[in-house]
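Here is how the chains run, residue by residue.
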Amino acid sequence: MLKSKTFLKKTRAGGVMKIVREHYLRDDIGCGAAGCAACGGAHEGPALEPQPQDPASSLCPRPHYLLPDTNVLLHQIVTTWRPGTWAYVTSSLQPPGSLETYVEQEQGENSNDRNDRAIRVAAKWYNEHLNKMSTENQLQVIFITNDRKNKEKAIEEGIPAFTCEEYVKSLTANPELVDRLACFCEEGNEIESGKIIFSEHLPLSKLQQGIKSGTYLQGTFRASRENYLEATIWVHGDTEENKEIIVQGLKNLNRAIHEDIVAVELFPKSQWVAPSSVVLHDEGQNEDDVAKDEEKECILKTTVNEKMLKPTGRVVGIIKRNWRPYCGMLSKSDIKESRRHLFTPADRRIPRIRIETRQASILEGRRIIVAIDGWPRNSRYPNGHFVKNLGDAGDKETETEVLLLEHDVPHQPFSQAVLSFLPKMPWSITETDMKNREDLRHLCICSVDPPGCTDIDDALHCRELGNGNLEVGVHIADVSHFIRPGNALDQESARRGTTVYLCEKRIDMVPELLSSNLCSLRCDVDRLAFSCIWEMNHNAEILKTRFTKSAINSKASLTYAEAQMRIDSASMNDDITASLRELNKLAKILKKRRIEKGALTLSSPEVRFHMDSETHDPIDLQTKELRETNSMVEEFMLLANISVAKKIHEEFSEHALLRKHPAPPPSNYEILVKAAKSKNLEIKTDTAKSLADSLDQAESPAFPYLNTLLRILATRCMMQAVYFCSGMDNDFHHYGLASPIYTHFTSPIRRYADIIVHRLLAVAIGADCTYPELTDKHKLADLCKNLNFRHKMAQYAQRASVAFHTQLFFKSKGIISEEAYILFVRKNAIVVLIPKYGLEGTVFFEEKDKPKSRLTYDDEIPSLKIEDTVFHIFDKVKVKIMLDSSNLQHQKIRMSLVEPQIPGISIPADISNMDINEPQKKKKKLGK
């Protein structure tokens, strides 16, 4: 049956347009209940259970189905799940229109009231329909709504209706489900004290008007990790003016949460402040004691140089909430029998969340997931509800799950749909595979990788040609041969974006059959590759470049140490060794040439764990040793990436996937320039070349580690390198490499960007065909956005894994005393680096229950004076390192000053574990 509605609409030009809206309604749609006699069992899609399991409800003793309204679905299901849930739910609920349950919108009735009425009509129809079934199988439909008026009308119409809370509380067999109830409206969950803490958020209509007129600015809210009373708003738009706005103080933050899209009001310049140098962590009081926060706000504001003042403002409204489920731990209330507790998220940028639970004694000391439901104006903390228990805090599997969830790393096993696109085993190269492919299996190719590497995606060769020149080849695993555009395997690889390397496990981007077998360029097996081959002279000047799909057979899989040993050995002169020596000579020339052009050689402390073979606990921790062979492989990978970038941009000027590294703004270098100046050195930052030259010259014979420290600090000044589509950007330059164009081609096993680059290159050389998405710059730009996010999250997850294993290492070691260098000076702390372990930590000088020292902070030098001792950046100190387990919410490596000796600040060199932990134990007993 066709129902249509016609109305007239006036156009902007003054004409009249006839609008016809049509609804196609059917009378043959079954109820969905399997075995329903009334509709002959007719139904489309999955059937409802013929006899629902008895939920043991004190309100609804008969077997029944539940019919929730839209808001219950939104609040109870979607807030608990990850992004994409609502799309999944709505796609699952797309029945065709039914003649018996369709309702027209009445005159004067708004769409919300019409929807409520439609759901009530459906509930009533279901109950009448199901009553036609035999008496012993009689079922009923229970309507679930949190809307008071909707519930009252349903009861008037004879429909059994309850709020979500009423129904869940009636489930006598599952009392724990009450904890998982989302707070459906903030007003019903406000704290008893009616004191208003925060100003009201402006409605969206006013925010949009304000943004349009320039009264407000729109941006992404980024909370500080170090100071819970400070955040920055990254302003959206093309304008460079006021790109970042500082927000300081609880009331100005106004209930915004990290990654929310907010509207901010800019203060006049007379009210601008400087970013705070104070390290402040929320102590998480269980009461709404805002006075304590206001006391702390006072120490944020100090007299500073006018040049340090930054645009400052306050949050006036929320444009879009970007909440997600958060991992963390329960901070159990001190009030006996209390059901209200605080939850402390693992991410310090997220505020504590108030939840109600009857399972506090069970959940204490465990990692759990909590979802935020709302944040009333009169509550110090947002309200939320318990979602899931992950396991014991400190357990390796639990902590790994937490860091993967917190960094949104897709880590579920590959689905059968994905695995179905893998090649069948046993696999071998066929004649079809060799079409448009060169056979290079005769070449003396080898790979050089870290020890234990199973996903080998690059290999090298070098040989002398008859004309005296050299042929150098970089051979990359041909992953794009196995992953074809658009199928489930391709879609999953694109979603994951990158392989994530944790300390004791790897989260693969592609299934293991590809990553560790068919695509891994292991020795003595035939493999498919994509080769970049140059003809060079002995001065590493490129005479010709060609690209070809190939078949190779690697003659050796070497570690960096093994390759270095061959190069250095006087007794080894085989083909592989000769190839490596020639590659090493060329790499040195290439590196020298890059540096002369202004490429930066920076530094970051990377650590390597030695694991116990049985327990997999870290038994040793040391900084990674870099050899000439590391640099050798890096140089040829860089050269291949640059050569490929030029080729794909020549062929696809609008659709090339490239990688750029923006030049940092001058303000980023302030800390580096000041640090060098404090050691009577000058760092020039006007160009990458001048920075590179300054770093090369910044040496002190009396302090050899100074240059490394400066390079580590310079790394912190850099911007993030990003993927982009050439047709959507004009600036291609890679600042760190001093290259006008760059891409990623050399790691397709672990980076999806490289797979796209392989596809572009294959089309460019006629080895494969194109497809629509490959030449759609908007789709490519969206893909780049996801790849940049996944890459960033993978880095953060890796750092979190290192931090956790570092804690395990020091837990077994007890207290260690080590030399350290100051990297940053804060207002109440120093941040130090311990070279032996590549470990960074903070030494605090103001602690609770301790008399305050006389601290004088100077941001210009920068320096921190404590009593009569002055600390500068790069000063050498001695610290004690220990695992502080006093706060289960955030176990951390704690550092205390040993030298220089400052009375009341430094700790004795022979302090024991008991000396450190005893005060906390006593404090806990007193608190009880």
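Parameters and conventions
- Within any chain, residue numbers begin from 1 and follow the written order of that chain's sequence.
- In keeping with the model being predicted, local features are shown solely for residues with a pLDDT of at least 70 and side-chain atom pairs are shown and tallied solely at 80 or more, while totals for entire chains, interfaces and linings include all residues.
- Hydrogens and waters are ignored; side-chain quantities use all the structure's heavy atoms.
- Scored from 0 to 100, pLDDT records how confident the predictor is in each individual residue.
- By definition, residues are in contact when any of their heavy atoms lie within 4.5 Å.
- Here a strand pair is declared whenever DSSP counts at least two bridges between the two strands.
- Each helix is a run of H or I in the DSSP string that is no shorter than four residues. Each strand is a run of E no shorter than two, and both are numbered from the N terminus.
- Helix axes are fitted only over the stretch in contact, all axes being lines through C-alpha atoms; the angle between N-to-C directions runs from 0 to 180 degrees.
- Note on terminology: pairs of cysteine sulfur atoms within 2.5 Å are recorded as disulfides.
- Every definition here rests on a 1 Å grid over the protein atoms only: cavities are sets of points where a 1.4 Å probe fits but cannot get out, pockets are open sets enclosed by protein on both sides within 12 Å along at least five of seven lines, and lining residues have some atom within 4 Å of a point.
- Grid points are joined across faces, edges and corners, and a volume is the space filled by probe spheres set on the points.
- Should an angle fall under 35 degrees it is called roughly parallel, over 145 degrees roughly antiparallel, and 65 to 115 degrees roughly perpendicular, with every other angle called oblique.
- Following the grouping adopted for this structure description, the nonpolar residues are Ala, Val, Leu, Ile, Met, Phe, Trp, Tyr, Cys and Pro, the charged ones are Asp, Glu, Lys and Arg, and the polar ones are all others, Gly among them.
- In protein, a polar contact means a hydrogen-donor-capable atom and an acceptor-capable atom, both N or O and within 3.5 Å, with residues adjacent in sequence counting only if both atoms are side-chain atoms; elsewhere, any N or O pair within 3.5 Å suffices.
- To sort residues, take the accessible area from a 1.4 Å probe on protein chains only and compare it with the maximum for the residue type: under 20% means buried, over 50% means exposed, and anything in between is partly exposed.
- By definition, the arc is the one covered by directions from the helix axis to the C-beta atoms.
- Definition used in this section: a nonpolar core is a set of buried Ala, Val, Leu, Ile, Met, Phe, Trp, Tyr and Cys residues joined via side-chain atoms within 4.5 Å.
- What counts as a ring pair is set by centres within 6.5 Å for rings of Phe, Tyr and Trp (its six-membered ring), and what kind of pair is set by the plane angle: stacked under 30 degrees, edge-to-face over 60, tilted for all other angles.
- By definition, a salt bridge exists where a carboxyl oxygen of Asp or Glu is found within 4 Å of a side-chain nitrogen of Lys or Arg.

(A) Just the confidence of the model for the protein chain, in detail. Put simply, the protein chain has an average pLDDT of 84, and 82% of its residues get 70 or more. Here residues 912-928 is modelled with pLDDT under 50, and outside its nearest four sequence neighbours on either side it reaches 12 contacts, counting other chains as well.

(B) Structural detail: the sheet that holds strand β11 (residues 313-320). Strand order in the open sheet made by the 5 strands is β9-β8-β7-β10-β11, with antiparallel pairing throughout. Of all the strands in the sheet, just β9 (244-248) and β11 have a single pairing partner and so form its edges. Here the strands of the sheet are splayed against their neighbours by 40° on average, with no regard to which way each runs.

(C) Focus on the state of the cysteines. Counting across every chain of the model gives 0 disulfides. Not part of a disulfide, Cys446 finds its nearest cysteine sulfur in Cys444, a span of 6.7 Å.

(D) Expanded view of the sheet that holds strand β5 (residues 140-144). Here we have 3 strands laid out as an open sheet, ordered β3-β5-β6, and parallel in their pairing. Each end of this open sheet is capped by a strand with a single partner; those strands are β3 (64-68) and β6 (161-162). With 5 bridges connecting them, β3 and β5 associate as parallel partners. When the bridges of β5 are listed, Tyr65 appears paired with Val141. The strands touched by helix α3 (residues 111-130) are β3 and β5; relative to β5, the strand with the most contacts, the crossing angle is about 160°.

(E) Geometry of empty space enclosed by the protein. Scanning all chains against the criterion turns up 2 cavities of 30 Å³ or more. A volume near 360 Å³ is recorded for the largest cavity. Around the largest cavity, the lining is made up of 31 residues, and of these Tyr228, Arg348, Arg349, Ile350 and Pro351 lie nearest the centre. Breaking the lining of the largest cavity down by element, the ones donating at least two residues are β7 (216-223), β8 (230-235), α7 (250-253) and β13 (340-345).

(F) Spatial organisation of the packing of helix α21 (residues 752-764) against helix α22 (residues 777-813). Two elements in contact, α21 and α22, have axes whose closest approach is 10 Å; the angle formed by their N-to-C orientations is 150°. As the angle between them shows, α21 and α22 are arranged roughly antiparallel. Listed contacts from α22 to Tyr752, Ala753 and Ile756 of α21 are Leu780, Leu783 and Leu787. Each residue belonging to the contact of α21 with α22 can be placed in one class, and the counts come to 6 nonpolar, no polar and no charged.

(G) Local environment of the side chain of Asn487. Mapping Asn487 onto the fold places it in the loop between α12 (479-482) and α13 (488-496). Here the side chain of Asn487 touches Leu489 through a polar contact of 3.1 Å, landing on its backbone nitrogen.

(H) Spatial organisation of the environment of Tyr501. For Tyr501, the position within the fold is in strand β21 (residues 500-501). Excluding its chain neighbours within four sequence positions, the residues that come into contact with Tyr501 are Asp455, Arg506, Arg750 and Gln798. Within the local environment of Tyr501, its side chain forms a polar contact with the side chain of Asp455, the two groups lying 2.3 Å apart.

(I) Structural view of helix α15 (residues 560-568). Residues of α15 that are buried: Tyr560, Ala563, Gln564, Arg566 and Ile567. In a view along the axis of α15, the buried residues occupy a sector of 160°, so they form one face of it. For α15, the exposed residues set more than 90 degrees away from the buried face come down to Met565 and Asp568. Elements that come into contact with the buried residues of α15 comprise β18 (446-449), β25 (556-559), α16 (575-596) and α17 (628-651).

(J) Quick peek at the nonpolar core. Judged by nonpolar contacts, the single largest core of 88 residues is most densely connected at Met632, Phe636 and Leu657. If we ignore the near neighbours within four places in the chain, the residues touching Met632 are Val448, Leu460, Ile567, Leu580, Leu583, Asn584 and Ala587.

(K) Expanded view of the packing of aromatic side chains. Taken as a whole and assessed by the stated rule, the structure comprises 10 aromatic pairs. Judged by centre distance (5.4 Å) and plane angle (25°), the rings of Phe703 and Tyr821 are stacked. With Phe703 in the loop between α19 (688-697) and α20 (706-717) and Tyr821 in strand β30 (residues 816-825), the pair connects residues that are 118 residues apart, well separated along the chain. For the pair Phe703 and Tyr821, one class covers both residues: buried. Here the aromatic residues Phe703, Tyr705 and Tyr821 are joined through ring pairs into a cluster of three or more.

(L) Inspection of the pattern of salt bridges at higher detail. The full count for this structure, using the stated rule, is 43 salt bridges. Two residues, Arg441 and Asp526, come together in a salt bridge whose shortest N-O distance is 3.0 Å. You can see Arg441 sitting in the loop between β17 (438-439) and β18 and its partner Asp526 sitting in strand β23 (residues 526-536), a full 85 residues away along the chain. Residue class for Arg441 comes out partly exposed when judged on its relative accessible area of 24%. Here Asp526 falls in the partly exposed class, since its relative accessible area comes to 31%. Taken together, the shared-partner salt bridges connect Arg225, Arg324, Asp347, Arg349 and Glu406 into one network.

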